[in-house]
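Residue strings, one per chain:
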Amino acid sequence: MLGGGEGTAAGAPQQLEWKFSQVFGERAAGEEVQEVDIISAIEFDRTGNHLATGDRGGRVVLFERIDTKDHGGNRMDLERMDCSINRHPEFRYKTEFQSHEPEFDYLKSLEIEEKINKIRWCQTANGALFLLSTNDKTIKFWKVQEKKVKKVCDLNGDLSGAIGNGPVVCSSTSTSSKPCMENGGCNGNPFSYSSNNTSLPAGGIPSLRLPVGNSNETSLAAKCRRIYAHAHDYHINSISNNSDGETFISADDLRINLWNLEISNQSFNIVDVKPANMEDLTEVITSAEFHPTQCNMLAYSSSRGSIRLIDMRQSALCDTHSKLFEEQEVPGTRSFFTEIIASISDIKFAKDGRYILSRDYMTLKLWDVNMDSGPVATFQVHEYLRPKLCDLYENDSIFDKFECCLSGDGIRVATGSYSNMFRVFGCSGGSTEATTLEASKSPMRRQVQTPSRPSKSLGTLPRVLRRGGADASGVDANGSSFDFTTKLLHLAWHPTENSLACAASNSLYMYYA
């Protein structure tokens, strides 16, 4: 990751040129956005052929990729056939379903909103899609599958004898060439008779034709397979699938629970940071993630800016960590806001599990799991906001939780910002890539010239990079101040290609490079 890549002459990868691909739910000028339509979660599946979003109204919307289907094969097969792929990734709406409804906890007099906090894809089986979705209290396991719709046709009856029957589609394989009526009868049938005259025609009916079920049409159906409830006293902030395909974890402010996908009425508490006296509480859990390949390892972050790596083989209750990752505070820099802006809002493992990416309010940090002395790279995202922390504290913007993501090859990272902007940084050795883009149909219009060489901070390891991107001035490329009411909190990187999906309010923007 930090040692070269798709090289230029200097050994660093070229800076990507991002282009607009498509948008779903685009808002018209002056159109008011409904609160329930704001996207609150976004996730690609492992193949990158499906994308799921969740919103504050408790709905999950699925999209499927269609540009690869037109060529009739996956990318690797097409490369073997020397078939050029010159089109950008293209998705289409697949289906949606209501995952969660608003509830009320009568014992605690607490309203439980339906907002989807996280979505995680599970392993597919028999052509069906499986995913986990959660709100503040309840996790649900969904199965989405195509089902054949059966319709009945080829009956002996006549329309004149039908009362209250629904429309019926006739099978294309019908033995009769005559058009079917609404109840299955056919025009011109010599054996039809009125319901008022029950007498059989002369000579009787030579043959009785049984109804035929026709299933030419299909429809997508989402079914909730299991509900994992009543295991968290505090709001769930994370769920993560294990690489074993059988278990997953869910985390709230003080506990992390381990679940088996097949068992919904029992979970095991593996991390508990709740003190005997709540007055002694100094930090809470903010995010948790399983290692992508080692089923016994997981990491979780805290509100004090630390990341703990734990090994479930050590003990049933993992109250001790294998490694602790935190950056030492620079003497003389502590202020009222130090702990608030140090709180980590999201962590992600790289695909190979070697690195962990973390996002706090001001920066992105990249950690090597084999080196716990400090981050190997730090990317400045909101440094220009440091003089405005008082204002951000008063309007609660300082508590916004921005997500982060890594590219599939691990040489770039991305995160969101204000004014519906997002940042892409190169993290391989020698890279100076630091791109600022806007979630719109013209993503590069706010592009600012980035420094040609990253500045290294004093007193840190030689490998540590600190790169500021384009936000040092506190204004955008047009000279206007940033809008703190429009924020891009959620984004996801395609697992195998340079393609990003970003959620700006109720709109889903997709870009490629």
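The name given to the chain in an unreviewed UniProt entry is Serine/threonine-protein phosphatase 2A 55 kDa regulatory subunit B, with the source organism recorded as Carya illinoinensis. UniProt lists a comment for the chain under the heading Function (unreviewed entry), and it reads "The B regulatory subunit may modulate substrate selectivity and catalytic activity, and may also direct the localization of the catalytic enzyme to a particular subcellular compartment." A UniProt comment under Sequence similarities (unreviewed entry) is attached to the chain, and it reads "Belongs to the phosphatase 2A regulatory subunit B family."

Caption draft 1: How the structure looks around the pattern of salt bridges. Using the criterion set out here, one finds 25 salt bridges in the structure. For Glu383, the salt bridge is made with Arg386, and the minimal N-O distance between the two is 2.8 Å. Residue Arg386 is classed as partly exposed on the basis of its relative accessible area of 40%. Between Arg412 and Glu433 there is a salt bridge whose closest N-O contact spans 2.8 Å. Pair noted here: Arg412 is in strand β25 (residues 412-416) and Glu433 is in the loop between β26 (421-426) and β27 (434-438), with a separation of 21 residues, a long-range link. Each of the two residues, Arg412 as well as Glu433, counts as buried. Overlapping salt bridges bring together Lys108, Asp233, Arg255 and Asp272 as one network.

Caption draft 2: A look at the nonpolar core. Judged by nonpolar contacts, the single largest core of 17 residues is most densely connected at Trp18, Phe422, Val424, Leu491 and Leu500. Counting only elements with at least two residues in this core, the list comes to β26, β29 (490-493), β30 (499-504) and β31 (507-512). Sort the elements by how many residues they give to this core and β30 lands first, with three residues. When near neighbours in sequence (up to four residues on either side) are disregarded, Trp18 contacts Val424, Leu437, Pro443, Met444, Trp493, Asn498, Ser499, Leu500, Tyr511, Tyr512 and Ala513. If you look at the next biggest cluster of nonpolar residues, it comprises 16 residues, including Leu364, Val376, Phe425 and Cys427.

Caption draft 3: Structural context of the sheet that holds β31. Taken in spatial order, the four strands of this open sheet run β1-β31-β30-β29, and their pairing is antiparallel. Here the strands that pair on one side only, and so sit at the sheet edges, are β1 (19-24) and β29. Taken pair by pair, the neighbouring strands of this sheet meet at an average axis angle of 20°, ignoring direction. In the sheet, β30 pairs with β31 via six bridges, with the strands oriented antiparallel. Each residue of the ladder has a partner; that of Leu500, found in β31, is Tyr511.

Caption draft 4: Geometry of the packing of aromatic side chains. Tallied over the entire structure, the rule returns 22 aromatic pairs. Here Tyr228 and Trp259 contribute two aromatic rings whose centre-to-centre distance is 5.3 Å and whose plane-to-plane angle is 70°, an arrangement assigned as edge-to-face. Within this pair, whereas Tyr228 is found in strand β11 (residues 212-228), its partner Trp259 is found in strand β14 (residues 255-260), the two being separated by 31 residues in sequence. Judged by relative accessible area, Tyr228 falls into the buried class, the value being 1%. Between Tyr361 and Phe402, the ring centres sit 6.5 Å apart and the planes meet at 50°, which makes this aromatic pair tilted.

Caption draft 5: Main features of the side chain of His382. Structurally, the position occupied by His382 is in the loop between β23 (377-380) and α3 (389-394). Only 3.0 Å separates the side chain of His382 from the backbone oxygen of Tyr361, close enough to count as a polar contact.

Rules and cut-offs
- Residues numbered from 1 in each chain as written.
- Predicted model: local features only at pLDDT ≥ 70, side-chain atom pairs only at ≥ 80, totals over all residues.
- Heavy atoms only, no water.
- UniProt positions renumbered as here; feature names shortened; annotations may be inferred.
- Salt bridge = Lys/Arg side-chain N within 4 Å of Asp/Glu carboxyl O.
- Buried < 20%, exposed > 50% of the residue type's maximum accessible area, 1.4 Å probe, protein only.
- Helix = DSSP H or I, 4+ residues; strand = E, 2+ residues; numbered from the N terminus.
- Core = buried A, V, L, I, M, F, W, Y, C linked by side-chain atoms within 4.5 Å.
- Contact = heavy atoms within 4.5 Å.
- Pairing = 2+ DSSP bridges.
- Axes fitted to C-alpha atoms, helices over the stretch in contact; angles between N-to-C directions.
- Phe/Tyr/Trp six-rings, centres within 6.5 Å; stacked < 30°, edge-to-face > 60°.
- Polar contact = N/O pair within 3.5 Å; in protein donor to acceptor, adjacent residues only side chain to side chain.

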